[in-house]
Amino acid sequence: MPRLAYLGPEGTFTEEALRLMEPGAERLPCATVGAALNAVRSGEADGAVVPLENSLEGGITTTLDEFAWGEPLLITAELLLPVRFSLLARPDTELVHIKRVYSHPAAITQCRGFVNRELPDAVVVSAPSTAAAAQEVSLPGSPYDAAIAARIAGEHYGLVEIAANIGDRTDTMTRFVRVSRPGALPEPTGSDRTTLVVFLADDHPGALLEMLTEFSVRGVNLTRIESRPTGDGIGRYFFHFDFEGHVADARVGEAISGLHRICGEVRFLGSYPRADGVSPQIKPATTDEAFAEATDWLAHIRQGNS
Ligand SMILES: O=C(O)C(=O)Cc1ccccc1
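In this numbering scheme, every chain counts its residues from 1 along its sequence in written order. Local features in this predicted model are restricted to residues of pLDDT 70 or higher, and side-chain atom pairs are both shown and tallied only at a pLDDT of 80 or more, whereas totals for entire chains, interfaces and linings draw on every residue. Computation of side-chain values covers all heavy atoms of the structure but excludes hydrogens and water.

1. Considering the UniProt feature "domain: Prephenate dehydratase" (unreviewed entry) in the chain
Part 1: The feature "domain: Prephenate dehydratase" (unreviewed entry), as given by UniProt, occupies residues 3–181 in the numbering adopted here.
Part 2: Helix and strand shares over residues 3–181 are 31% and 32% respectively, and the end C-alpha atoms of the span are 13 Å apart. UniProt positions are given in the numbering used here, feature names are shortened, and annotations may be inferred rather than shown by experiment. Strands here are runs of E lasting at least two residues and helices are runs of H or I lasting at least four, both read from the DSSP assignment and numbered beginning at the N terminus.

2. Examining the site of the ligand
Part 1: What makes a residue near a molecule or strand is one non-hydrogen atom of that residue sitting within 4 Å of it. Around the ligand sit Leu7, Thr12, Phe13, Thr14, Phe85, His104, Ala106, Ala107, Ser129, Thr130 and Thr174, and that is every residue in its neighbourhood.
Part 2: Within the side chain of Thr14, one N or O atom sits 2.6 Å away from an oxygen atom of the ligand.
Part 3: Here a polar contact is taken to be a pair of N or O atoms separated by no more than 3.5 Å, where protein atoms must pair a possible hydrogen donor with a possible acceptor and residues adjacent in sequence count only if both atoms sit in side chains. Within the side chain of Thr130, an N or O atom sits 2.4 Å from an oxygen atom of the ligand.
Part 4: Each accessible area is a Shrake-Rupley result for a 1.4 Å probe, and residues are judged covered by the shown protein chains and nothing else. When the ligand sits alone it has 320 Å² of accessible area, and the protein chains cover 100% of it.
Part 5: Listed by contribution, the elements that provide at least two residues to the shell around the ligand are helix H1 (13–21) and helix H4 (105–110).
Part 6: The nonpolar class holds Ala, Val, Leu, Ile, Met, Phe, Trp, Tyr, Cys and Pro. Asp, Glu, Lys and Arg form the charged class, and all remaining residues, Gly among them, are polar. Here the shell around the ligand is composed, by residue class, of five nonpolar, six polar and no charged.
Part 7: Each domain's limits were defined by an automated method or a database of domain assignments. Each of domain 1 (1–82 + 173–183) and domain 2 (85–163) accounts for three or more of the residues forming the shell around the ligand.

3. What to know about a nonpolar patch on the surface
Part 1: Residues form patches when they are more than 30% accessible in relative terms and have no salt bridge. Like charges link within 9 Å. Nonpolar side chains (Val, Leu, Ile, Met, Phe, Trp, Tyr) link within 5 Å. Note on definitions: salt bridges are taken to be side-chain nitrogens of Lys or Arg within 4 Å of carboxyl oxygens of Asp or Glu. Residues Trp297, Leu298 and Ile301 make up a contiguous nonpolar surface patch of about 270 Å² in total accessible area.
Part 2: Residue position: Leu298 is located in helix H10 (residues 288–302).

4. What about the sheet that holds strand S6 (residues 86–89)?
Part 1: Should DSSP find at least two bridges between two strands, the strands are regarded as paired. Here we have five strands laid out as an open sheet, ordered S8-S7-S9-S6-S10, and mixed in their pairing. The two strands at the open ends of the sheet, each matched to only one other strand, are strand S8 (123–126) and strand S10 (160–163). Adjacent strand axes in the sheet meet at a mean angle of 35° when their direction is disregarded.
Part 2: As paired strands, S6 and S10 are joined by three bridges and run antiparallel to one another. Considered in S10, the bridge of Leu87 is made with Ala163. Whenever a helix is involved, its axis is fitted only over the stretch in contact; in every case the axis is a line through C-alpha atoms, and angles between N-to-C directions fall within 0 to 180 degrees.

5. Remarks on the environment of Glu66
Part 1: Take Glu66: it is sitting in helix H3 (residues 61–68).
Part 2: Those residues in contact with Glu66 that lie beyond four places of it in its chain are Val33, Gly34, Leu37 and Arg41. Here, two residues are considered to be in contact whenever any of their heavy atoms come within 4.5 Å of each other.

6. A closer look at the pairing of strand S1 (residues 3–7)
Part 1: Counted residue by residue, S1 has four buried out of five residues, so it is predominantly covered.
Part 2: Where S1 and strand S2 (residues 26–30) come together, five bridges link them in parallel fashion. The partner of Leu7 across the bridge, within S2, is Cys30.
Part 3: A crossover counts as right-handed when, viewed with the strands pointing away from the observer, the path leading from the first strand over the helix to the second turns clockwise. For the segment spanning S1, H1 and S2, crossover handedness is right-handed.
Part 4: Pairing geometry for S1 and strand S3 (residues 47–54), over three bridges, is parallel. What sits directly across from Ala5, in S3, is Ala48. The buried label goes to any residue with under 20% of its type's maximum accessible area, the exposed label to any with over 50%, and the partly exposed label to all in between, with areas taken from a 1.4 Å probe on protein chains only.

7. With respect to the packing of helix H8 (residues 207–216) against helix H9 (residues 250–262)
Part 1: The geometry of H8 relative to H9 is characterised by a closest axis approach of 8 Å and an angle of 160° between their N-to-C directions. In terms of axis orientation, H8 runs roughly antiparallel to H9. Considering only the axes of H8 and H9, their crossing is right-handed. Across the interface between the two elements, Glu210, Met211, Glu214 and Phe215 from H8 touch Ala255, Gly258, Leu259, Arg261 and Ile262 from H9.
Part 2: Considering only residue class, the contact of H8 with H9 consists of five nonpolar, one polar and three charged. Any angle between 65 and 115 degrees counts as roughly perpendicular, while under 35 counts as roughly parallel, over 145 as roughly antiparallel, and the rest as oblique. The handedness criterion is simple: a crossing whose near helix is rotated anticlockwise from the far helix by less than a right angle is left-handed, and one whose near helix is rotated clockwise is right-handed.

8. Things to note about the packing of aromatic side chains
Part 1: We call Phe, Tyr and Trp rings a pair once their centres come within 6.5 Å, taking the six-membered ring for Trp, and we label the pair stacked below 30 degrees between planes, edge-to-face above 60, and tilted otherwise. Evaluation of the coordinates by the stated rule reveals seven aromatic pairs.
Part 2: Pairwise contacts between aromatic rings join Trp69, Phe199 and Phe238 into one cluster.

9. Overview of unusual backbone geometry
Part 1: Geometrically, the link from Gly8 to Pro9 is a cis peptide bond, its omega value of 0° lying close to zero.
Part 2: One can find Pro9 in the loop between S1 and H1.
Part 3: For Asp92, which is not glycine, the phi dihedral falls at a positive 80°.
Part 4: On the basis of relative accessible area, Asp92 is assigned to the exposed category, the value being 75%.
Part 5: Phi at Asn165 is positive, roughly 50°, even though this residue is not glycine.
Part 6: The residue Asn165 is located in the loop between S10 and strand S11 (173–180) in this model.
Part 7: According to the relative accessible area criterion, Asn165 is partly exposed, its value standing at 43%.

The following block contains the structure:
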């Protein structure tokens, strides 16, 4: 039974994702995404499940940053989970009494409309996770009046649901990934995604265009691109790429070899089956067969044939 670290405590959306991905796993709740990933790096856990992206606000920045630094890890699976946010408080709290709200930044940004409309005077404070916020609110004497979290977190920590489905959109999805220490890659399925982190060798005009060209000319479709600060000064950024295909596909291999030639560092974070089962549209010129045929042709002319 694998031991999987995750963003805890009990009652997070991440726990729900983990239970769906690996129902039989032993669960190791961690206080932060960084702690969950470090538990994998140190061998304390066999793997981890962490949130990566949501359909309303984009990348979960703490996760993106944790993947970029420290010992490299490998993403081996993903899951898309619809998330529903509840406003939770100690019994007998009324909406008008809520002045301080506590939650994870990804939940706060997705419930901005509700908070502005219903709690215009409330101060909203960032928590390590949604369930950590619910747990804190449940403590007598907590400085917070309410948490934004999953309904189940309220049940877990003895809070009541003051309002349900308070997200700005009801169809928001969050993408979670399962990570391991580097090892065997999942087999290609024909519906795969690959994730990379790329650091520039040097800053120059067209650097981003040059990277994008490596994907474009091989017919590789990007599904997410985000820049994050390196921390080395204003204007210094690294890039996160998600794209269709598996590193075993010729067009993907060629694209990331091209990036390796032109960039300072390319960190491969894995190729794994897509949760939505979507298969890429591959043009005739970028199939594995087309790349193999071109390689054979080159070998042929290098031997003096024409
Ligand atoms: O897993 C949680 O509960 C989190 O705190 C992270 C999060 C926040 C909002 C949506 C999905 C995951």
